[in-house]
Amino acid sequence: MQCVKDLRCGHDQSMQMLYNIAAGDAIAVRKYLDSQNMIALATELKSRSVILVDATYSMSPAINATKAKICTVFNRARTVLREKGIDEQSFEVQIVAYRNYNCSRDTLMQVSPFVRDPQDLLRFMSGVDVDGGWGNEAIEVALSHVNKVKASGQLITQILLIGDAAANTPAEVTQKRDQSAENWASVPEYSTPTNWEVEIASLTSAPPAVPVHAFYIENAARDNFEEIARRTGGRAEKLDVNSAEGDQLLTDCLTEQILENIGGAELVVVYRKTYQS
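Residues numbered from 1 in each chain as written. Predicted model: local features only at pLDDT ≥ 70, side-chain atom pairs only at ≥ 80, totals over all residues. Heavy atoms only, no water.

Engineer: In this structure, what is going on with the packing of aromatic side chains? I would like to understand it.
Structural biologist: For any pair of aromatic rings, geometry is given as the distance between the ring centres together with the angle between the planes. This structure, assessed with the given rule, holds 4 aromatic pairs. With 5.6 Å between their ring centres and 75° between their planes, Tyr101 and Trp184 make a pair best called edge-to-face. Taken as a pair, Tyr101 in the loop between β2 (91–98) and β3 (109–111) and Trp184 in the loop between α6 (170–179) and α7 (196–205) lie far apart in primary sequence, 83 residues in all. Of the two residues examined, Tyr101 and Trp184, each falls in the buried class. Here Trp184 and Tyr190 contribute two aromatic rings whose centre-to-centre distance is 5.6 Å and whose plane-to-plane angle is 80°, an arrangement assigned as edge-to-face. Classification of Trp184 as buried rests on a relative accessible area of 2%. One aromatic cluster is present, built from ring pairs that chain together Tyr101, Trp184 and Tyr190. Lying across the ring of Phe114, Arg48 places its NZ or CZ 3.7 Å from the centre. (Phe/Tyr/Trp six-rings, centres within 6.5 Å; stacked < 30°, edge-to-face > 60°. Helix = DSSP H or I, 4+ residues; strand = E, 2+ residues; numbered from the N terminus. Buried < 20%, exposed > 50% of the residue type's maximum accessible area, 1.4 Å probe, protein only. Lys NZ or Arg CZ within 6 Å of the ring centre and 35° of its normal.)

Written as structure tokens, this is what we have:
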């Protein structure tokens, strides 16, 4: 599998670095460290992606698929950027794991930092366990998070939504908050109820446009995910997380969006020639 090859490549590079340390090859060690860790303050961020993933019990296969694809996306994007002589540190990714109101205030949503190192995302994902689930899920809290980031003036260029259930309706938000063991009104970040329509309207009300590419695993989520994508100018597709085609779809979508943000259609063409031919 491609993800295994990508991880093996990283392992081999790390082992070579240890060999270079033992051999006293300071130049090779410095070159490796620069390639892995250098994030120049002057680097201009051109792509910032947020992955919203349902982390309820039924989503265990999708969580594992997301973990498996993280390194692949970063490695492929960096390979294309390196080939074209473009700064490999010009993109960041954040993951938001959302659940529902039958979870605690600490697990309703988990948010990683925006990172440029895939290992940071893997460490975050290692602490994301499936939990809860209550019919339609609390996509609204994840979208609300994105809107707060955007309102703060930070760059967001695209959102990937991965789930097997639609967003809570406004009535369900009220019902589930009222029936929850948590007193959500007393939790500052969740004190004001919201719903997906309010958040999508906020997301699209002011430039820059932020498309939501929505991948539904079960047909029950199809109509809602297609509507979210339509309203934001994104794409919506069925995702089979247990198939090679599903793996490829998820990887290609995120990687191509990152590359298009950074260098336009030219980089997407290079990517497709390299990985889809």
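What follows continues from the structure just given.
Engineer: Would you take a moment to explain the side chain of His145 for this structure?
Structural biologist: Following the sequence through the fold, His145 ends up in helix α5 (residues 139–151). On the basis of relative accessible area, His145 is assigned to the buried category, the value being 14%. Each residue touching His145, except ones within four places of it in the same chain, is listed here: Gln94, Val96, Met109 and Val111. (Contact = heavy atoms within 4.5 Å.)

Engineer: Even after reading the chapter, I still don't get the nonpolar core, so can you show me in this structure?
Structural biologist: Grouped together as the largest cluster of nonpolar side chains are 38 residues, with contacts concentrated most on Phe91, Ile95, Ile162, Leu239 and Ile258. At the level of elements, β1 (47–54), α3 (60–83), β2, α4 (118–125), β4 (158–163), α9 (244–263) and α10 (265–275) are the ones that each hand at least two residues to this core. Top element by residues in this core is α3. It accounts for 9 residues. Those residues in contact with Ile258 that lie beyond four places of it in its chain are Ser47, Ser49, Val73, Ala77, Phe91, Val93 and Gln158. Formed by 34 residues, the second largest nonpolar core is a distinct cluster that contains Leu161, Trp184, Val210 and Ala221. (Core = buried A, V, L, I, M, F, W, Y, C linked by side-chain atoms within 4.5 Å.)

Engineer: It is not clear to me how α7 should be interpreted in this structure. Could you clarify?
Structural biologist: Because each turn of an α-helix spans 3.6 residues, side chains separated by three or four positions end up pointing in the same direction. Those residues of α7 that sit buried are Trp196, Glu199, Ile200 and Leu203. Each buried residue of α7 sits inside an arc of 100° when the element is viewed along its axis, so together they form one side. The inward-facing, buried residues of α7 contact α5, β4, β5 (212–216) and α8 (222–232). Structurally, the start of α7 carries an N-cap: the backbone nitrogen of Glu197 is 3.0 Å from a side-chain oxygen of Asn195. (Arc of directions from axis to C-beta. Polar contact = N/O pair within 3.5 Å; in protein donor to acceptor, adjacent residues only side chain to side chain.)

Engineer: Which parts of the structure should I look at to understand the pattern of salt bridges?
Structural biologist: Oppositely charged side chains may form a pair once their charged atoms are brought near each other. Considering all chains together, one arrives at 13 salt bridges under this definition. A salt bridge links Asp252 to Arg76; the nearest nitrogen and oxygen atoms lie 3.9 Å apart. Taken together, the positions of Asp252 in helix α9 and Arg76 in helix α3 put the pair 176 residues apart, joining distant regions of the chain. What makes Arg76 buried here is its relative accessible area of 4%. Residue Arg231 pairs with Glu227 through a salt bridge whose shortest N-O separation is 2.8 Å. (Salt bridge = Lys/Arg side-chain N within 4 Å of Asp/Glu carboxyl O.)

Engineer: I'm lost on the sheet that holds strand β6 (residues 236–238) in this one. Help?
Structural biologist: What holds strands together in a sheet is hydrogen bonding between their backbones, with the strands either parallel or antiparallel. One open sheet holds the 6 strands; their spatial order is β3-β2-β1-β4-β5-β6, and the pairing between them is mixed. Two strands in the sheet have a free side with no partner beyond their single neighbour: β3 and β6. Between one strand axis and the next, the sheet turns by 15° as a mean value, whatever way the strands run. Pairing of β1 with β4, which is carried by 5 bridges, proceeds in the parallel orientation. Across the sheet, the residue bridging to Leu52 is Leu161, located in β4. Its contacts with the sheet put α5 on β1, β2, β3 and β4, and the angle it makes with β2 is roughly 150°. (Pairing = 2+ DSSP bridges. Axes fitted to C-alpha atoms, helices over the stretch in contact; angles between N-to-C directions.)

Engineer: Looking at this model, I keep getting lost on the confidence of the model for the protein. Mind explaining?
Structural biologist: As a note on interpretation, predicted positions should not be read in detail where pLDDT is low. Mean pLDDT for the protein: 90, with 86% of residues reaching 70 or above. Ignoring residues within four places in sequence, the model shows residues 36–42, a span with pLDDT below 50, making 7 contacts including any to other chains. (pLDDT = per-residue confidence, 0-100.)

Engineer: I would appreciate a short explanation of the packing of α7 against α8 in the present structure.
Structural biologist: A pair of packed helices is captured by two measures, namely the crossing angle of their axes and the spacing between those axes. Axis separation between α7 and α8 bottoms out at 10 Å; the angle between their running directions is 20°. The angle between the axes of α7 and α8 places the two elements in the roughly parallel class. Along this stretch, α7 crosses α8, giving a crossing that reads as right-handed. Residues Trp196, Glu197, Ile200, Leu203 and Thr204 of α7 lie in contact with α8, whose contacting residues are Asn224, Glu227, Ile228, Arg231 and Thr232. (Parallel < 35°, antiparallel > 145°, perpendicular 65-115°, else oblique. Left-handed = near helix turned anticlockwise from the far one by under 90°.)

Engineer: Hey, could you run me through the packing of α5 against α7 in this one?
Structural biologist: Contact pair α5 / α7: the axes reach a minimum separation of 9 Å and the direction vectors enclose 25°. As summarised for this structure, α5 and α7 are arranged roughly parallel, according to the angle between their axes. Crossing hand, α5 versus α7: left-handed. Residues Glu140, Leu143, Ser144, Val146, Asn147 and Lys150 of α5 form the contact with α7, whose own contacting residues are Trp196, Glu199, Ile200, Ser202 and Leu203. By residue class, the composition of the contact of α5 with α7 is 5 nonpolar, 3 polar and 3 charged. (Nonpolar A, V, L, I, M, F, W, Y, C, P; charged D, E, K, R; others polar.)

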